[in-house]
Structures are given as C-alpha cells and as structure tokens.
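Each chain is listed here by its residues.
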There are 2 protein chains.
Amino acid sequence: MSVERLAIVGLGLIGSSIARGARTYGLANTIVAIDRDPGVIERVRALGLANLATTDAAEGVRGADLVILCVPVGAIGTVAEAIAPHLKPGAVVSDVGSVKAAVVAAVSPHLAETNVFVPAHPVAGTEYSGPDSGFSTLFSNRWCILTPPEAADEAAVERVRALWQGLGAIVETMSPEHHDLVLAITSHVPHLIAYNIVGTAADLEEVTQSEVIKFSAGGFRDFTRIAASDPTMWRDIFLTNREAVLEMLGRFNEDLSALSRAIRWGDGEALHELFTRTRAIRRGIVAMGQETAEADFGRARNAAPSAPVQG
Amino acid sequence: MSVERLAIVGLGLIGSSIARGARTYGLANTIVAIDRDPGVIERVRALGLANLATTDAAEGVRGADLVILCVPVGAIGTVAEAIAPHLKPGAVVSDVGSVKAAVVAAVSPHLAETNVFVPAHPVAGTEYSGPDSGFSTLFSNRWCILTPPEAADEAAVERVRALWQGLGAIVETMSPEHHDLVLAITSHVPHLIAYNIVGTAADLEEVTQSEVIKFSAGGFRDFTRIAASDPTMWRDIFLTNREAVLEMLGRFNEDLSALSRAIRWGDGEALHELFTRTRAIRRGIVAMGQETAEADFGRARNAAPSAPVQG
C-alpha cells in the first residue's frame with residue numbers, strides 16, 4: 001500500500017535516499033522535500049528528487065499522510081513543534097534517528113492526538129552527507145527498527161512498516177530503550193572509539209601525521225572511514241544516548257583493561273583465545289548478508305573490478 | 001635487478017603473495033617455497049606458486065641469494081636458527097614481520113657475518129590467511145618499511161629494496177624502534193580495540209549476539225573484519241611489541257576518558273570539535289591513494305559493480 005502524499009523533512013544522506021527509493025519503487029504518489037537550507041532545496045530540485053521542494057516546513061507538511069523527520073536528533077523536537085500545527089488530522093509522523101528514547105520524548109509532546117508518532121531507525125548509511133550522497137538502494141537488505149508506543153494505532157504502524165519494506169528493508173520492532181542499548185554497542189561506541197583513536201594519532205609527537213597516513217593500511221584506515229561521519233549527527237547521538245553509551249563504554253573499558261594486563265603479563269593464551277573467539281561473530285555477519293566476505297572490503301586487488309555481494 | 005634464487009619460508013597470505021608477485025613480475029629466476037606444514041606445501045604445488053616446494057628448511061634455503069622469512073614473529077628466531085647453518089655465504093636474509101626490534105633481536109644472533117639481515121615490513125594485508133588467500137598485487141602502491149642496521153652492506157639492502165619495488169611497493173627506511181612505535185598506533189592498537197569491542201559485544205547479556213550481528217551495519221561491522229585477522233600472528237605482535245603498544249594504548253585511554261567526560265557533562269562543542277578534526281586525516285589517506293573514496297568501502301549500492309580506485 002503506497003502513501004498518497006509523503007513529506008520528508010531534511011534531505012541529507014538518509015532523507016534523499018528515502019526520496020530516491022520512494023520514487024524508484026513507486027511508494028508515494030507525491031513526494032514533498034522540506035529543508036531549511038536553500039542550498040539543499042536547490043540541489044533537490046536539480047536532482048529532481050521530489051514533486052515539491054520547499055524551505056517552508058508548514059507549507060511542506062500540509063496535506064501529507066506520512067511525514068518523516070530526517071534531521072539530527074538534537075533538532076528534531078524543534079522541527080516537530082514547528083510542523084505540528086500544520087499536520088492534517090490522521091497524518092502519521094516518523095523519523096530516522098539513531099537514538100529513540102530521547103526522540104520520543106522530544107517529539108510526542110508536540111503532536112495532536114490524531115497524529116501518531118511511529119519512530120523508526122534504518123540501520124544503514126555511509127560516511128557521506130548531503131542530498132547528493134543518497135541512493136535508492138541504501139536500505140536494501142538492511143534492518144529498520146520501529147519503536148512504536150504500546151498502544152499505537154496498528155494502521156499507523158503499518159503505514160511506516162510498508163514504506164520501509166518497500167525500500168527493501170527488513171523491519172523489526174522493539175522498545176525505544178532496548179533499541180538505544182543495542183545501538184550503543186553496535187554503532188555508537190564503535191564510532192566513539194574510532195573518533196578517539198584518530199584523534200589520538202593526530203596528536204602524537206613521536207609519530208608524524210604523514211606517517212600515520214602513509215602506514216594506515218595496517219588497520220587504522222578502517223577507523224578513519226567511521227571517523228569521517230557527520231559531526232553534528234554524532235554529537236547529538238552521544239548527547240541524547242548518554243546513559244547507554246557510557247554503560248557500554250564501561251564494559252568496553254573493563255575488557256580493555258583485562259586485555260592490556262594480558263599483554264603486560266605476556267599471557268599469550270588469553271590473547272589467542274579472544275582473537276579466535278571474535279572470528280565467529282564476523283562469520284555470522286557475513287552469513288547474514290550484512291557484509292561482503294570479500295577480502296579487505298574488496299579494495300582494488302587484481303585489475304578486475306570487484307562486484308560486492310550483499311546477501 | 002632480479003634475484004637468481006629466492007627462498008620464501010612460510011607460504012601464508014604474505015609469503016604466497018610474494019611468490020605470486022615474484023613470478024608475475026619476473027623478480028626471481030628460481031622460487032623456492034618452504035613451509036613446515038605438508039598441507040601448505042601441497043597447496044603451493046597445486047597452485048604452482050614455486051619451482052621447488054619443500055618442508056625441509058635446510059634443503060630449501062641451500063644456494064638461495066635471498067631468503068625471506070614469512071612466519072609469525074614468535075617463531076622467527078627458531079626458524080633463523082634452523083636455516084642459518086645452511087645459508088650460502090653472502091645470502092641476504094629478510095622478513096615481513098609487523099614488529100621489528102624484537103625480530104632483529106631474535107634473528108641476528110644466529111646469522112653468520114656474511115649473511116646480512118635486512119628486516120622488512122610490507123604494510124599491506126587482508127583478514128584472510130593461507131596460501132590460497134594471496135595475490136600478486138597485494139603490495140601494489142602500499143608502503144614497505146625497511147629497518148636495516150646502521151652499518152648494513154648497501155648491496156644487501158638494495159637487493160631487498162629492489163624486490164619490494166618490483167612488487168609495486170613504495171620503500172621507506174627507518175629504525176626498528178621508530179617502526180614499532182608508528183605501527184603501534186597505525187595498526188596494533190587499532191587491532192587491539194577492534195578485537196576488544198567484538199569481545200565485549202559477544203559477552204553482553206542485555207543484547208543478544210543475533211542482535212549484534214543484525215544491526216552491525218551501524219559501524220560495528222567494520223571492526224569485525226579487523227577482528228577476524230589471524231590469531232597467532234596477532235598474539236605474537238602484542239607479545240613482541242608490548243612496550244610501544246601499551247604506550248600508545250595509554251594515550252588512547254587518556255583521550256577516551258576525556259571524551260567520556262565530555263559526553264557525561266554534555267559538552268557538545270568538545271565532541272563536535274573532535275569529530276570535525278578527525279575528517280582531515282581521512283581526507284589525507286584518500287588523497288594518498290591508501291583508500292578508495294567510495295562510500296562505505298564501495299559495498300553493493302546500485303546494481304553496477306564498483307571498481308575500487310587505489311590512486
């Protein structure tokens with residue numbers, strides 16, 4: 001079942017990918033693109049991503065059946081407040097934020113009884129940002145987590161679920177709190193330590209930045225990709241999922257202390273045991289099609305271009 | 001200038017890639033493959049990687065002009081001791097170990113005056129191991145670090161340099177101590193924290209392993225690739241580069257504490273500042289051709305296969 005009028009607020013990587021996918025897979029009859037940045041709206045028009053593109057949120061959401069907020073979680077409350085009075089009765093509101101409990105708390109109070117909020121989080125992305133970086137297959141075979149309120153109107157939830165399934169995503173539902181805990185370990189803490197080690201390397205005196213860059217193929221390189229993600233989006237994630245992130249970071253630190261001790265004491269068995277155990281999770285990820293098994297992410301090997309597989 | 005007789009001890013990812021490259025680029029007239037594992041020798045013969053393949057190190061190194069030790073650094077001293085009596089006078093010995101000071105200390109004492117040891121470390125690899133995982137272009141446009149002794153015979157150093165340049169690598173020389181410090185931050189600590197977080201995630205009770213695997217696309221996934229590297233090789237690296245690794249790990253921990261504090265205190269500016277700074281290093285790595293700029297490592301996007309660029 002497709003949406004009559006779909007409004008997307010924020011045309012960055014995710015918002016523009018939803019617009020492209022909705023068009024490609026025929027999920028909405030009318031696509032409205034809303035962004036406060038005139039430069040973005042200009043690109044949206046140039047790329048032909050929507051039927052209507054505007055910087056005016058009130059005008060943009062008018063008459064929409066489904067409104068998806070694709071703005072940094074730190075700004076989502078303000079946006080919700082701004083559009084709420086202009087939503088048509090029965091319009092469903094959703095989002096794509098990487099944090100859910102804080103988003104629910106920021107958005108729900110502003111919405112009228114008839115405007116159900118069905119939070120969503122597509123677990124997909126690249127390190128690039130902006131309307132030009134999106135692509136219609138970004139969500140293909142990726143998970144999208146919905147965290148609807150207990151008493152949510154099933155039709156409203158179904159409208160959001162249908163959009164994501166139409167975009168090729170696998171939809172799961174859980175509580176906002178559990179979502180935030182799961183993402184803290186699978187996404188937030190990994191980003192935090194990636195940002196951290198890149199920062200550490202940049203500040204060394206014994207090793208020059210040029211050396212860090214030259215010899216990055218030894219592993220560091222992979223962290224820099226993650227550490228190139230959008231700064232504002234990530235600042236907001238850490239500020240709004242503070243408790244879960246600090247909790248998981250605590251576990252990480254405990255384990256790291258034990259690992260350092262094993263190195264200091266020369267406990268080769270403990271090291272080998274951990275290094276062997278971690279391979280199993282990798283196999284699981286490849287088996288689930290969440291990663292290509294290609295060596296080294298299929299970076300240039302032989303002359304032949306590599307055709308990545310995504311299960 | 002090509003080597004008359006090249007002996008490679010240990011036909012794993014690196015050793016077999018050297019064999020393949022030496023053959024492909026005509027860098028040696030005779031290639032001898034030596035491995036203590038009969039199963040590996042069988043694969044080497046099946047794959048036609050060498051003119052002679054044997055499990056007998058003494059026989060294998062006899063008459064060789066250049067012998068490259070491609071075994072885990074923990075085993076390299078034993079191997080050097082075993083082959084030393086059978087080396088022809090003037091034969092040059094090299095290695096590919098990820099740690100240099102410990103390797104020099106383990107190998108040099110066993111060698112005769114005329115057998116110069118020119119340590120080398122090609123900064124390249126994938127998460128796969130064994131003779132089947134190698135490929136001739138693995139070292140193309142990657143750095144190879146030589147750490148020759150101060151008084152080393154220039155002709156010996158040149159023989160090793162020529163091989164690596166022939167394999168497509170960019171050769172640099174530095175002291176073993178500096179190498180170990182540079183690699184601690186660009187390779188060893190990144191691997192350590194990747195192994196660590198994958199271990200942390202595996203041990204959680206609030207989050208199931210199936211959830212960790214499903215939602216790994218949020219960043220965790222990239223760490224699992226690194227954490228799938230060869231356990232024995234990495235155990236040896238941490239045991240033999242202990243001081244530099246613990247030193248760099250100390251810096252990492254200091255920075256991580258400051259970052260946790262910024263999160264706890266809600267210091268968004270500090271977070272945004274770091275997250276912006278880290279982007280510059282990424283740009284440098286892409287600019288130096290050590291990484292493809294393709295989004296998300298060019299994982300499947302549109303149907304079209306991606307042709308990774310490596311500068």
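Bear in mind that the values here come from a model prediction, so they are computed numbers and not experimental data.

About the thresholds
Along each chain, numbering runs from 1 in the same order as the chain's sequence is written. The lettering of chains begins at A and the numbering of ligands begins at 1, in the order of writing. Confidence filtering applies because this is a predicted model: local features only for residues at pLDDT of at least 70, side-chain atom pairs given and counted only at 80 or more, and all residues used for totals across whole chains, interfaces and linings. As a rule here, side-chain values cover all heavy atoms of the structure and leave hydrogens and water aside. Planes of paired rings set the category: under 30 degrees apart is stacked, over 60 is edge-to-face and the rest tilted, where pairs are Phe, Tyr or Trp rings (Trp by its six-membered ring) whose centres lie within 6.5 Å. The secondary structure listing takes helices from DSSP runs of H or I that are at least 4 residues long and strands from runs of E that are at least 2 residues long, numbered from the N terminus. Here's how the labels work: a residue is buried when its accessible area is under 20% of the maximum for its type, exposed when over 50%, partly exposed in between, all with a 1.4 Å probe on protein chains only. Criterion for a salt bridge: a side-chain nitrogen of Lys or Arg within 4 Å of a carboxyl oxygen of Asp or Glu. Buried Ala, Val, Leu, Ile, Met, Phe, Trp, Tyr and Cys residues that are joined via side-chain atoms within 4.5 Å together make up what is termed a nonpolar core. In this description, contact between two residues means that some pair of their heavy atoms is separated by no more than 4.5 Å. Residue ranges for the domains trace back to a domain assignment, done automatically or taken from a database. Note on definitions: buried area is the accessible-area loss of two parts on being combined, 1.4 Å probe, summed for both. Polar here means any residue outside two lists: the nonpolar Ala, Val, Leu, Ile, Met, Phe, Trp, Tyr, Cys and Pro, and the charged Asp, Glu, Lys and Arg; Gly therefore counts as polar. What counts as an axis is a line fitted to C-alpha atoms, over the stretch in contact for a helix, and the angles between N-to-C directions run from 0 to 180 degrees. Any angle from 65 to 115 degrees is called roughly perpendicular, while one under 35 is roughly parallel, one over 145 is roughly antiparallel, and all others are oblique. We call a crossing left-handed when the near helix sits turned anticlockwise from the far one by less than a right angle, and right-handed when that turn is clockwise. One requirement defines pairing of two strands: DSSP has to find at least two bridges between them. Polar contacts, as counted here, are pairs of nitrogen or oxygen atoms within 3.5 Å of one another; within protein the pair requires one atom able to donate a hydrogen and one able to accept it, and residues that are adjacent in sequence qualify only if both atoms are side-chain atoms.

For this particular structure, what's the right way to read the packing of aromatic side chains?
When we look at a pair of aromatic rings, we describe it by the centre distance and by the angle of the planes. Counted under the stated rule, the structure contains 11 aromatic pairs over all chains. A ring pair is formed by A:F139 and A:W164, whose centres lie 4.9 Å apart and whose planes are at 90°; its orientation type is edge-to-face. Here A:W164 lies in helix α6 (residues 154-166) and A:F139 lies in the loop between β7 (120-122) and β8 (143-146), a separation of 25 residues in the sequence. By relative accessible area, A:W164 is classed as buried at 1%. Cluster of aromatic residues (ring-pair linked, three or more members): A:Y195, A:W234, A:F238 and B:F275.

Quick question: what am I supposed to make of the pattern of salt bridges here?
Should the charged atoms of two oppositely charged side chains come close, the side chains can pair. Tallying each qualifying case throughout the model produces 24 salt bridges over all chains. A:R161 is the salt-bridge partner of A:E158, the closest N and O atoms lying 3.3 Å from each other. Within this pair, A:E158 and its partner A:R161 are both found in helix α6, separated by three residues, close to a single helical turn. One salt bridge in this structure joins B:R277 and B:E273, with 3.1 Å as the shortest N-O distance. With B:R277 and B:E273 both in helix α12 (residues 268-287), this residue pair falls four residues apart, about one helical turn. The exposure class assigned to B:R277 is partly exposed, which follows from its relative accessible area of 32%. Given a relative accessible area of 42%, B:E273 falls into the partly exposed group. Here the salt bridges do not stand alone but share partners, grouping A:D203, B:E273 and B:R277 into one network.

Which parts of the structure should I look at to understand the nonpolar core?
A general trend in soluble globular proteins is that nonpolar side chains are found buried together. With 94 residues, the main nonpolar core has A:I197, A:F223, A:F252, B:I193, B:I197, B:F223 and B:F252 as its most contacted residues. Apart from the residues within four sequence positions on either side, A:I197 is in contact with A:F220, A:F223, B:I185, B:V189, B:P190, B:I193 and B:F252. A:L11, A:A120, A:F139 and A:A156 belong to the second largest nonpolar core, which has 42 residues in total.

So what exactly am I meant to see when it comes to unusual backbone geometry here?
Leaving glycine aside, a negative phi is the common case for residues, and trans is the common case for peptide bonds. All names here are of chain A. Phi at N141 is positive, roughly 65°, even though this residue is not glycine. Mapped onto the elements, N141 comes out in the loop between β7 and β8. In this structure N141 comes out as partly exposed when scored by relative accessible area, which is 21%.

Would you mind showing me how to read the domain arrangement of chain A here?
Put simply, an interface is often sized by how much accessible area is lost when its parts join up. Residues and elements named next belong to chain A. Along its sequence, chain A is carved into domain 1 (3-175) and domain 2 (178-298). Contacts between the two partners involve 19 residues from domain 1 and, on the opposite side, 18 residues from domain 2. Both sides of the domain 1 and domain 2 interface together cover about 1600 Å² of buried area, and 59% of this is carbon and sulfur. Ranking the residues of domain 1 by area buried against domain 2 places S98, V99 and E127 at the top, with a combined share of 32%. Counting the contacts that link domain 1 with domain 2 gives zero salt bridges. Secondary-structure elements contributing two or more residues to the side of domain 1 that touches domain 2 are α5 (101-107) and β8. When grouped by side-chain class, the residues that make up the side of domain 1 that touches domain 2 number nine nonpolar, seven polar and three charged.

I tried to follow the packing of helix α10 (residues 231-240) of chain A against α12(B) on my own but got confused; where do I start?
When two helices pack together, their arrangement is given by the angle between their axes and by how far apart the axes lie. For the pair α10(A) and α12(B), the least separation of the axes is 9 Å and the interaxial angle reads 140°. If you check the angle between α10(A) and α12(B), you find them oblique. Both α10(A) and α12(B) take part in a crossing whose hand is right-handed. From α10(A), A:P231, A:T232, A:W234, A:R235, A:F238 and A:L239 reach across to α12(B), where they touch B:G268, B:L271, B:H272, B:F275, B:T276 and B:R279. Here the contact of α10(A) with α12(B) is composed, by residue class, of six nonpolar, four polar and two charged.

I would appreciate a short explanation of the sheet that holds strand β2 (residues 28-34) of chain A in the present structure.
What links the strands of a sheet is backbone hydrogen bonding, and the strands pair in either a parallel or an antiparallel sense. Residue and element names in this part refer to chain A. Strand order in the open sheet made by the six strands is β3-β2-β1-β4-β5-β6, with parallel pairing throughout. Edge positions in the open sheet fall to β3 (52-54) and β6 (117-118), since each of these has one partner strand only. Bridging between strand β5 (residues 92-95) and β6 involves two bridges; their strand directions are parallel. When the sheet's bridge partners are listed, S94 is paired in β6 with V118. Across the sheet, helix α4 (residues 76-83) touches β1 (3-9), β4 (66-69) and β5, and the angle it forms with β4 is around 155°.

What exactly am I supposed to notice about the interface of chain A and chain B here?
With 115 residues of chain A in contact, the opposing surface of chain B contributes 115 residues. Overall, the association of chain A and chain B removes approximately 10800 Å² of surface from exposure, summing both partners, and the carbon and sulfur fraction of that is 66%. Between the two partners, chain A and chain B, sit eight salt bridges. One salt bridge connects B:E206 with A:R251, and the closest N-O pair in it is separated by 2.3 Å. At the boundary of chain A with chain B, the tally comes to 28 residue pairs in polar contact (both at pLDDT 80 or more). Only β8, α7 (176-203), α8 (209-214), α9 (220-226), α10, α11 (242-264) and α12 (268-287) of chain A provide two or more residues apiece to the side of chain A that touches chain B.

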